[in-house]
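In case you want the letters, here they are:
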Amino acid sequence: MNSGEYWNPVLETLPREKLQQLQLKKFKSILKWAYENSPFYRSLYKGAGLEPGDIKTLDDITKVPKTEKAMLREAQGKEPYPYGSILSVPIEQVTEYRQTSGTTGQPVYHPETWQDWDWSAESWAYALYAQGYRDYDRVFLPFGYSVNIAFWAGHYAAEKIGCEVVPGGVLDTEARILKMKELKATALMATPTYILGMADTARKKLGLDPAKDLNIKKITAAGEPGACIPATKKRMEEMWGAKVYDQIGATEIGHWGFECQAQAGLHILEAFHLVEIEDIETGATITEPGKKGSMVITTFDRFAHPCIRFDSKDVIEWNPVEKCECGRTFRRLKGGVVGRADDITKVKGVLLAPTAIEEVVRSIPELGDEYEVTVTKKGDIDDITLKMEIAPDFKGNIEAVEPKLVQQLRLKTGLRYNLEFHNYGTLPRYGVKAKRFKDLRHKE
Ligand SMILES: [Zn+2]
């Protein structure tokens, strides 16, 4: 019998030392499991001369070879079909098929046993509870229920808490909005791009103001950066008259980070995962705040398709270790995932994160939500063009915002841009996840 309470006062407020002991114990246990049950992991570790017993302290874990998406892809498509040698349980125990979205190539197949799937929902439940989801909530899920993981575990997690879950699967955007209105739904989960897009559709096509005409009080935003970018979060919260919480996970990893009601950075679900941050250029481990790096993550307690020291390429930065006002001791990240290591490119010798540009564009009320960044080469010199849309209700002279824009971009990114202002509605629109950064330097 489930009480629907996902606040574990022991686990979630463990002192640092105790939490690290727990993490070490769980790390050793999943490492041993993978070594004994997955031919892929056994051969990877044997190749590196590593035995599970070699790991005695948390400092030892950097001896464990990392994994990355390309390795997972290469291992799949073979027996036991289609998961290949990573599969660590008899295939009869697999109850769920999911896959990655394939935005960076061939999708990675992901199997779960019923126990693993329950774990996935459980880890989401801790996050939703921290965001104030309770049994009286009516939660609307406007996503395409399909082969991609998307909000599937969010659906099951909300049910575990005792919420009433409304699956808004094949409905179109207008029908979803009308259904939310009709049922007085109180909560919603979607990607930031879709959250902004839905509000736009509500106003333009249906003449509804989501902040006044709908009853949504909280929104869990996942799938891309957005809720971690202050200006984007503010736009979403104002449009919906709701609190917006950042949440993050990936098909291969599971759900690993969430913002709580204090909205003070992204808590890592440390009882379920071990996060390391690596310097993008040197590969050294970063343990202190003040420097961004690429995430290497291990998932505990999920056994069919182990995820051990997975190089996720998410760019993150530690927050100082201090107790959050919510009471949880799980360590937080400053902001959230600020980009992908693949997207963080050197432009004119400066490391540029596209999210920093978004933060500037969306903090200027005269501009719309859409923008596009293109990097090209003029001779030997990098050239960056930033296209923006003028806000639909802005009637003044847009050139007047240019000095403020130039100054903010210099401050946040250290770079100069060719600025182009376009009429509202002329830049490409994206349904679920946006692709606004285009690096064309190596494509000529
Ligand atoms: Zn908190």
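Predicted model only: the values in this text are computed from it and were never measured.

Trainee: Got a sec to walk through the coordination of the zinc ion? Specific residues and values, please.
Mentor: Here the zinc ion is held by C260 (SG), H267 (NE2), C324 (SG) and C326 (SG), and the distances to it run 2.1 to 2.3 Å. Viewed at the metal, the four donor atoms of the zinc ion are separated by angles of 107 to 113°, and the geometry they form is tetrahedral. Taken in sequence order, the residues that donate to the zinc ion follow the motif C-x6-H-x56-C-x1-C. One end of the pair, H267, is in strand β9 (residues 266-268); the other, C324, is in the loop between β13 (310-316) and β14 (332-333), and 57 residues separate them in sequence. Both residues of the pair, H267 and C324, count as buried.

Trainee: Let's hear about the sheet that holds strand β11 (residues 285-286): which residues, and what values?
Mentor: Strand order in the open sheet formed by five strands is β11-β10-β12-β13-β15, with antiparallel pairing between adjacent strands. Lying at the two open borders of the sheet, with one neighbouring strand each, are β11 and β15 (339-340).

Trainee: For the nonpolar core, give the residues involved together with the corresponding values.
Mentor: In terms of nonpolar packing, the biggest core is built from 37 residues, with F27, Y45, W256 and I308 touching the most fellow members. Counting only elements with at least two residues in this core, the list comes to α1 (16-37), α2 (39-47), α3 (69-75), β9, β10 (273-278), β12 (293-299) and β13. At six residues, α1 tops the list of elements feeding residues into this core. With sequence-adjacent residues up to four places away left out, I308 is seen in contact with F27, I30, L31, A34, Y41, Y45, V64, P65, T67, I297 and T298. By size, the runner-up hydrophobic cluster in this structure holds 36 residues, among which are L19, W119, A222 and C324.

Trainee: Residue-level account of the pattern of salt bridges, with values.
Mentor: When their charged atoms lie close together, side chains carrying opposite charge are able to pair. One pass over the structure, following the stated rule, counts 32 salt bridges. With a shortest N-O distance of 3.5 Å, E96 and R98 are connected by a salt bridge. Accessibility assignment for this pair places E96 and R98 in one class, buried. Here E122 makes a salt bridge to K160, at a shortest N to O gap of 2.9 Å. With E122 in helix α4 (residues 114-130) and K160 in helix α5 (residues 152-161), this pair connects stretches of sequence that are 38 residues apart.

Trainee: Give me α4: which residues, what numbers.
Mentor: Spanning 17 residues, α4 covers 25 Å between terminal C-alpha atoms, matching the ideal 24 Å at 1.5 Å per step. Buried residues dominate α4, accounting for 13 of its 17 residues. A positive backbone phi angle near 95° is found at G132, which sits one or two residues after α4.

Trainee: Outline the sheet that holds β9, listing residues and values.
Mentor: Where strands meet in a sheet, backbone hydrogen bonds hold them as pairs that are either parallel or antiparallel. The strand order across the open sheet built from eight strands is β4-β3-β5-β6-β7-β8-β9-β14, with neighbouring strands paired in mixed fashion. Each edge of the open sheet carries a strand with a single partner, namely β4 (164-167) and β14. The strands touched by helix α6 (residues 173-183) are β3 (138-141), β4 and β5 (187-190); relative to β3, the strand with the most contacts, the crossing angle is about 175°. Seen against the sheet, helix α7 (residues 192-206) touches β5 and β6 (218-221) and runs at an angle of roughly 125° to β5.

Trainee: Provide a residue-level description of α1, including the pertinent values.
Mentor: Taking 1.5 Å per residue as the helical rise, α1 with its 22 residues ought to reach 32 Å, and the 31 Å between its terminal C-alpha atoms agrees with that figure. Within α1, burial applies to L19, L22, Q23, L24, F27, I30, L31, A34 and Y35. Along its buried surface, α1 packs onto α2, β10 and β12.

The rules behind each value
- Residues numbered from 1 in each chain as written.
- Predicted model: local features only at pLDDT ≥ 70, side-chain atom pairs only at ≥ 80, totals over all residues.
- Heavy atoms only, no water.
- Donors = N, O, S within 2.8 Å, 3.2 Å for Na, K, Ca; no water.
- Tetrahedral: all angles 85-135°; square planar, octahedral: opposite > 155°, others 65-115°.
- Helix = DSSP H or I, 4+ residues; strand = E, 2+ residues; numbered from the N terminus.
- Buried < 20%, exposed > 50% of the residue type's maximum accessible area, 1.4 Å probe, protein only.
- Pairing = 2+ DSSP bridges.
- Core = buried A, V, L, I, M, F, W, Y, C linked by side-chain atoms within 4.5 Å.
- Contact = heavy atoms within 4.5 Å.
- Salt bridge = Lys/Arg side-chain N within 4 Å of Asp/Glu carboxyl O.
- Expected span 1.5 Å × (residues − 1).
- Axes fitted to C-alpha atoms, helices over the stretch in contact; angles between N-to-C directions.

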